[in-house]
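Overview (structure and organization)
Below are the chains, spelled out letter by letter.
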Amino acid sequence: MVDLLIIGAGPAGLAASIEAASRNLSVTIIDEFTTPGGRLLGQLHEEEKDVWWNGVEEAHTLHEKAQENGVELLLETSVYKIQQEDVYWSTHTSAGIYHSKALLIATGATEQSLPLPGWTLPGVMSIGAAQVMTNVRHVKPGEKGIIIGLNALSFAISRELRLCNIDLEGFFLPPDHFLTTDQAKPLSVLNNLMTLSHLAPMNWMRLGGKIANNNRWIQKQTLSFYPKRGINIWQTPVHVRKAVTSINGSTQVESVTVVDLRADGTMIEGSEENLEVDFVCISGGLAPLTELIGLTDLKLIAIESLGGYVPVHFEDMRTEVTDLYVAGNITGIESAKVARAQGVVAGISACIHSFNLRNDDALEIAMEKVRKERAEAKLQFHPEIEKGRTLLYSEKGEVQYG
Amino acid sequence: MNNFRITDHPILKIPSSRSVISFTFNGVNYNALDGDTIASALLVNGIRAIREHEESGQPRGLYCNIGHCFECRVTVNEREGQRSCITKVSNGMDVQSSKKLPTPFKKEEAQYG
Amino acid sequence: MTKDVIVCRCEGTTLEEIATIAAEYQCSAREVKLRTRAGMGYCGGRTCRGFIDYIVSHHSNHQELTLHHRPPVRPIPFALFREVNDE
């Protein structure tokens, strides 16, 4: 029996463990992966000129601090089931059953896919898979690849792949069908790219965003004059009017078929062309990984700006279920810095609400830090994150959850 | 072996002295470096098709690389259903990919007489 | 194209099959799952669950989410399964 069990050793889980353990709670973290850090491990962004956010080092720092505070870390261990007993939680894992007074679920996010013909071929992978392969395993996913899906995640990771000297044919749209909808239509993709205009390194978008700023006529003009060879982002051409219609190969990826699109998204007959690649990255964005929440009485609520269904929770990371806390991307898709700050809140909150620690101003300071990280985030996944958070935190108790 | 191994990087520190270990995949011997997962070791050895789909026999490989999708599952030292993307290679490890299974009750494939 | 788009990678169920069954039977995601085996393969719907919900909500009158999570949330060997359920 430990005081606090944390599922997920990402930025949120590790940060929470440090806060709780430094306040004398006994803490165990469980994670499936081989290395602590979660999604942090893949991240490598240049925040300002020559100033890099190095996720591997950030993870290492958090892990060391957790160790110094006596946190027990169980890696390569999968959780199958959680259940609240009378006064404790039992967590069933591949390494046995663990009991804890309080439970923090910090399972992060999972990648969304964009199904298309040929996507089961070996060599097709999620964009996050390619990121982990290069930045964690130090192995290239292939010689020459293509990225399907234009979004903040694929742009950020493309640069990481380029840092490893991987040849990228470009960013292309997925084929337009029922499950790809908004991510396949040139105009809606362009709209979405404009909302990312705050992303510092992308000068053309910043400019485009300033000019266009929700002016539909200008957006349509931009689309009409969009250069056929694409506009480069970190040396990789971005195509908003070309879609991949199939991935081809007998036993693994050999090529992709791409087609030109009109501004309205319809295909131009006869424009099909085959591009030789040996790997394909699919980038459909991230969504909170809530399967363990589904085993509790906690309700989920759909908030688009937070990435889909998120567990209903308070701003101090408590939930309506006694001794159950959530933190990090399971509460909404945001940067690792926000997740880490949320972890600090959750760790302190668990001490106060489950272990009667005196509520000094530490909790409020930690919550303020989350708001600050959110406001200053360099990588924002959705333009209306703050609105989503406000909806969730301000109307507590009044919202009707279906 | 291809040249997929990243040996230097402008920002990341790449460990230089990793020991060479060996493992078998479907009975064939391959080398890996200490710290490799089964999936990364297979990839540097030029192997993308990690298993066959049980029914169609289509090749499948790594998809999510963080243990979520189970597409890269293999049998490791006779334990089935191990995810090659989150299982580290160890010296002498025996890795087998799952193969197409018989479907005797499926109409179009049923054998009569 | 929809007949070439596999949605459930484990069972090889296509977008067309799922949409057709949902429209024909006007049924819930659970019933679609039972009729097509989409989401019932090895991984337990971890990649396609959201898609099935989405397709059904647009092709059938059933709007509520019926694909709940049940333990175990990952495939496990029988030995562990017994332990999980004995509690």
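In this text the structure is predicted, and so the values were computed from the model without any measurement. (Residues numbered from 1 in each chain as written. Chains lettered and ligands numbered in written order. Predicted model: local features only at pLDDT ≥ 70, side-chain atom pairs only at ≥ 80, totals over all residues. Heavy atoms only, no water.)

**Observations concerning the overall build of chain C**
What chain C contains, in helices and strands, is four helices and two strands. For chain C, the α and β elements follow one another from N to C terminus as β-β-α-α-α-α. In chain C, buried positions account for 47% of the 87 residues. Carbon and sulfur atoms provide 50% of the accessible area of chain C, an area that totals close to 4,600 Å². (Helix = DSSP H or I, 4+ residues; strand = E, 2+ residues; numbered from the N terminus. Buried < 20%, exposed > 50% of the residue type's maximum accessible area, 1.4 Å probe, protein only. Areas by Shrake-Rupley, 256 points an atom, 1.4 Å probe, with all protein chains shown as cover.)

**Describing the environment of I82 of chain A**
All names here are of chain A. Here I82 shows up in strand β6 (residues 79–84). In this structure the C-alpha to C-alpha distance between I82 and T296, which are 214 residues apart in sequence, comes to 7.7 Å. Once residues within four sequence positions are removed from consideration, I82 is found in contact with I7, W89, S90, T91, L103, I105, L292, L295 and T296. (Contact = heavy atoms within 4.5 Å.)

**As for the interface of chain B and chain A**
On the side of chain A, 41 residues touch chain B, which itself brings 35 residues to the contact. Between chain B and chain A lies a buried interface of about 3,300 Å² when both sides are counted; carbon and sulfur atoms form 60% of it. Interface area lost by chain B to chain A is led by I6, R48 and Y63 of chain B, which between them contribute 22%. Here chain B is connected to chain A by three salt bridges. Note that D278 of chain A is salt-bridged to R48 of chain B, the shortest N-O span being 3.6 Å. (Buried area = accessible area lost by both parts, 1.4 Å probe. Salt bridge = Lys/Arg side-chain N within 4 Å of Asp/Glu carboxyl O.)

**Some thoughts on the interface of chain C and chain A**
Interfaces are frequently sized by the accessible area removed from exposure as the parts join. Counting residues at the interface gives 27 residues for chain C and 30 residues for chain A. Approximately 2,600 Å² of surface area, both sides summed, lies buried where chain C meets chain A, with 68% of it carried by carbon and sulfur atoms. Sorting the residues of chain C by area buried against chain A places M1, R9 and R74 of chain C first, and these three jointly supply 22% of that buried surface. Between the two partners, chain C and chain A, sit three salt bridges. For the salt bridge of E291 of chain A with R46 of chain C, the shortest nitrogen-to-oxygen distance reads 2.8 Å. Broken down by secondary-structure element, the contributors of at least two residues to the side of chain C that touches chain A are β1 (6–8), α3 (49–59) and α4 (78–86) of chain C. Counting residues per element, the side of chain C that touches chain A draws most heavily on α3 of chain C, at five residues. Partitioned by chemical class, the residues of the side of chain C that touches chain A number 16 nonpolar, four polar and seven charged. (Nonpolar A, V, L, I, M, F, W, Y, C, P; charged D, E, K, R; others polar.)

**A short note on the environment of L25 of chain A**
Residues and elements named next belong to chain A. Along the polypeptide, L25 turns up in the loop between α1 (11–22) and β2 (27–30). In sequence terms L25 and N232 are 207 residues apart; their C-alpha atoms lie 51 Å from each other. Ignoring sequence-local partners within four residues, the contact set of L25 consists of D3, L4, A20, C351 and F355.

**Details of the side chain of S78 of chain A**
Tracing the chain through its elements places S78 of chain A in the loop between β5 (72–74) and β6. A polar atom in the side chain of S78 of chain A sits 3.0 Å from the side chain of E32 of chain A. (Polar contact = N/O pair within 3.5 Å; in protein donor to acceptor, adjacent residues only side chain to side chain.)

**Section: the packing of helix α5 (residues 186–195) of chain A against helix α7 (residues 216–224) of chain A**
The relative placement of two packed helices comes down to the angle between their axes together with the axis-to-axis distance. Residue and element names in this part refer to chain A. Between α5 and α7, the shortest axis-to-axis distance is 10 Å and the interhelical angle comes to 110°. By the angle between their axes, α5 is roughly perpendicular relative to α7. Considering only the axes of α5 and α7, their crossing is right-handed. Facing P186, L187, L190, N191 and M194 of α5, the residues of α7 in contact are R216, Q219, K220, T222 and L223. (Axes fitted to C-alpha atoms, helices over the stretch in contact; angles between N-to-C directions. Parallel < 35°, antiparallel > 145°, perpendicular 65-115°, else oblique. Left-handed = near helix turned anticlockwise from the far one by under 90°.)

**Regarding the confidence of the model for chain C**
Taken residue by residue, chain C gives an average pLDDT of 84. The fraction at 70 or more is 82%. Both scores are available for the predicted complex, with the pTM at 0.92 and the ipTM at 0.92. (pLDDT = per-residue confidence, 0-100.)

**A few points about the packing of aromatic side chains**
A ring pair, where both rings are aromatic, is described by two values, the distance of the centres and the angle of the planes. On inspection of all chains with the given rule, the structure shows five aromatic pairs over all chains. Both rings, one in W119 of chain A and one in Y63 of chain B, keep their centres 5.6 Å apart while their planes meet at 85°; by these two values the pair is edge-to-face. One end of the pair, W119 of chain A, is in the loop between β9 (109–111) and β10 (124–126); the other, Y63 of chain B, is in the loop between β4 (59–60) and β5 (73–76), on a second chain. Pair check on accessibility: W119 of chain A and Y63 of chain B agree, each one buried. When the ring centre of Y42 of chain C is taken as origin, the NZ or CZ atom of R73 of chain B, which lies over that ring, is 3.6 Å away. If you follow R9 of chain C out to its NZ or CZ, it ends over the ring of Y63 of chain B, 4.5 Å from the centre. (Phe/Tyr/Trp six-rings, centres within 6.5 Å; stacked < 30°, edge-to-face > 60°. Lys NZ or Arg CZ within 6 Å of the ring centre and 35° of its normal.)

**Remarks on the side chain of N45 of chain B**
All names here are of chain B. Among the secondary structure elements, N45 is positioned in the loop between α1 (38–44) and β3 (51–52). The class of N45 is buried, set by a relative accessible area of 16%. Other than its neighbours up to four places away in sequence, N45 contacts M1, F23, Y30 and N31.

**With respect to unusual backbone geometry**
Residue and element names in this part refer to chain A. Positioned with a positive phi, D50 is a non-glycine residue whose angle comes to about 65°. Note that D50 resides in the loop between β3 (44–48) and β4 (51–54). The residue Q235 is not glycine, and still its phi comes out positive at about 70°. Mapped onto the fold, Q235 is located in the loop between β13 (231–233) and β14 (236–248).

**Quick word on the state of the cysteines**
All told, the structure shown has zero disulfides over all chains when counted by the stated rule. Free cysteine: C164 of chain A, not disulfide-bonded; nearest cysteine sulfur from C281 of chain A at 12 Å. Free cysteine: C85 of chain B, not disulfide-bonded; nearest cysteine sulfur from C72 of chain B at 3.8 Å. Residue classification places C85 of chain B among the buried residues on the basis of a relative accessible area of 2%. (Disulfide = S-S within 2.5 Å.)

**Some words on the pattern of salt bridges**
Throughout the structure, instances matching the rule amount to 35 salt bridges over all chains. The partner of E384 of chain A in a salt bridge is K387 of chain A, with the nearest N and O atoms 3.2 Å apart. Overall, E384 of chain A belongs to the partly exposed group, its relative accessible area being 38%. R35 of chain C serves as the salt-bridge partner of E31 of chain C, at 3.1 Å between the closest nitrogen and oxygen. With E31 of chain C and R35 of chain C both in helix α2 (residues 29–36), this residue pair falls four residues apart, about one helical turn. Judged by relative accessible area, which is 30%, E31 of chain C ranks as partly exposed. Through salt bridges with shared partners, a single network forms among R51, E54, R60, E71 and R73 of chain B together with R9 of chain C.

**Looking at the pairing of strand β8 (residues 96–105) of chain A**
All names here are of chain A. Bridge count for strand β1 (residues 2–7) against β8 is five bridges, and the pairing is parallel. Each residue of the ladder has a partner; that of L5, found in β8, is L103. Pairing analysis gives five bridges linking strand β7 (residues 89–93) to β8, with the strands arranged antiparallel. Across the sheet, the residue bridging to S90 is H99, located in β8. (Pairing = 2+ DSSP bridges.)

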